[in-house]
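The primary structure of each chain is shown beneath.
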Amino acid sequence: MEGGALAPGLIDRPRAVRGGEELDAGPLAAYLERAVPHLAGPVVIEQFPSGFSNLTYLIRAGDHELVLRRPPIGVNIKSAHDMRREYRILSALIHVYPKVPRPIIYCEDPSVLGAPFYVMERVQGVILRSSLPAGVTLGPEEMRSLSEAFIDNLADLHSVDFAAAGLGDLGRPEGYVERQIRGWTTRYQNARTDDLPSVERVAAWLEEHRPLDSPAALIHNDYKYDNVVLDPQDLSRIIAVLDWEMATIGDPLMDVGTTLGYWVDPDDPEAWREAGITALTPQPGNLTRAQLVERYARRTGRDLSGAVFYYYYAYGLFKIAVIVQQIYMRYKKGLSRDPRFAGLLSAVAACGEAAMLAIEKRRIDRLAG
């Protein structure tokens, strides 16, 4: 990293809680005092402002700092916001995959906060959101090292012995690809607010061209730069992976496809680069999407010579489009007042258009050519 050691101020920080997403400090403090040993002092609640799905808060009590996760306000999608499931995954993984926050307690009593939630340790580090934090400059060598560590870590995650971890029943790998395509298509139809022909075309193409399932692995399903915590002294070292709400046992190539969907190459079409997905991955030094796939294959030893990766990339883009569409629908219905959501429809359209380019050109790179 240029400039030497990072200042403590670059560690990911919370902010004041957004309007409409406040937690009732009284019942929460009483619950934590009973449930968490050695916790003492008045409870102070702040919110981590990024992320579009489950809500994440910093809970301070005396010298202790905890992180609380709960479902978004105004949703009832149990499979996508199942706090018990997410807590269980962390509780199992902590013994076989050290790069997860230590879970502390799960609460399903709605009288405390009105919804289930869980509490985990806070992992202090740097999280790279859509752009670099103020004061951080990463040159090409640093960005390359980070992108290599990023894809290596995903490959390592896919090598975890999920059965030994007690997660063998977490998902149903047989028929995974078919269920994902049909499931995300149904979710899009249920959340649809506007006419976006490119997204509809992608959904139909994915259904018509489904590949066979790959050998099953533990998959994260939302692996991207802003879901990893980096060592403040070495931004190429990943110390934790966050947001396990969609993790399951399934096709690892579909997981790679989701990651590719968040990865913008510097020579991508201008409209896609300006969609706001990220300003990080086009930075000089980052591996390209094609290089990510090549390194992943070497790291895992998987034979990917027959894999049609533009399918997985198009799937990743479609899945992201659906997730964003669901968030936009909540905003349009008035269930969320988060101003970040107002312009999300353009991001949904951009995902569909980028996916159609990959399908038409039958590749994952050089899409502007």
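Here the structure is a predicted model, which is why all the values come from computation and not from measurement. (Residues numbered from 1 in each chain as written. Predicted model: local features only at pLDDT ≥ 70, side-chain atom pairs only at ≥ 80, totals over all residues. Heavy atoms only, no water.)

1. Some points on the pairing of strand 2 (residues 55-61)
- Buried residues dominate strand 2, accounting for 6 of its 7 residues.
- Bridge count for strand 1 (residues 43-47) against strand 2 is 5 bridges, and the pairing is antiparallel. Bridging from a neighbouring strand, Val43 pairs with Ala61 of strand 2.
- Hairpin connection from strand 2 to strand 3 (residues 64-70): 2 residues lie between these consecutive antiparallel strands, with Gly62 at a positive phi of about 65 degrees. (Buried < 20%, exposed > 50% of the residue type's maximum accessible area, 1.4 Å probe, protein only. Helix = DSSP H or I, 4+ residues; strand = E, 2+ residues; numbered from the N terminus. Pairing = 2+ DSSP bridges.)

2. Describing the confidence of the model for the protein
- For the protein, the average pLDDT comes to 90, and 94% of its residues sit at 70 or higher.
- Taken together, the stretch residues 1-5 has pLDDT below 50 and engages in 9 contacts with residues farther than four places along the chain or on a different chain. (pLDDT = per-residue confidence, 0-100. Contact = heavy atoms within 4.5 Å.)

3. So, the packing of helix 5 (residues 176-191) against helix 10 (residues 309-332)
- Between helix 5 and helix 10, whose axes approach to 9 Å, the crossing angle comes to 30 degrees. It follows that helix 5 is roughly parallel to helix 10 by the angle criterion. Crossing angle aside, the handedness with which helix 5 passes helix 10 is left-handed. For the pair helix 5 and helix 10, contact is made by Val177, Gln180, Ile181, Trp184, Thr185, Arg187, Tyr188, Asn190 and Ala191 and by Tyr311, Tyr315, Phe318, Lys319, Val322, Ile323, Gln325, Gln326 and Met329, respectively.
- Residues that form the contact of helix 5 with helix 10 fall into these classes: 11 nonpolar, 5 polar and 2 charged. (Axes fitted to C-alpha atoms, helices over the stretch in contact; angles between N-to-C directions. Parallel < 35°, antiparallel > 145°, perpendicular 65-115°, else oblique. Left-handed = near helix turned anticlockwise from the far one by under 90°. Nonpolar A, V, L, I, M, F, W, Y, C, P; charged D, E, K, R; others polar.)

4. Some points on helix 11 (residues 344-361)
- For helix 11, spanning 18 residues, the distance from its first C-alpha to its last is 26 Å, which sits close to the expected 26 Å at 1.5 Å a residue.
- A large share of helix 11 lies buried, amounting to 13 of its 18 residues. (Expected span 1.5 Å × (residues − 1).)

5. What about the pattern of salt bridges?
- Inspection of the entire model under this criterion finds 26 salt bridges.
- Notably, a salt bridge pairs Asp152 with Arg299, separated by 3.5 Å at the nearest N-O pair. Highlighted residues: Asp152 in helix 4 (residues 140-158) and Arg299 in helix 9 (residues 289-300), separated in sequence by 147 residues.
- Taking the relative accessible area as the measure of exposure, Asp152 reaches 10% and is therefore buried. (Salt bridge = Lys/Arg side-chain N within 4 Å of Asp/Glu carboxyl O.)

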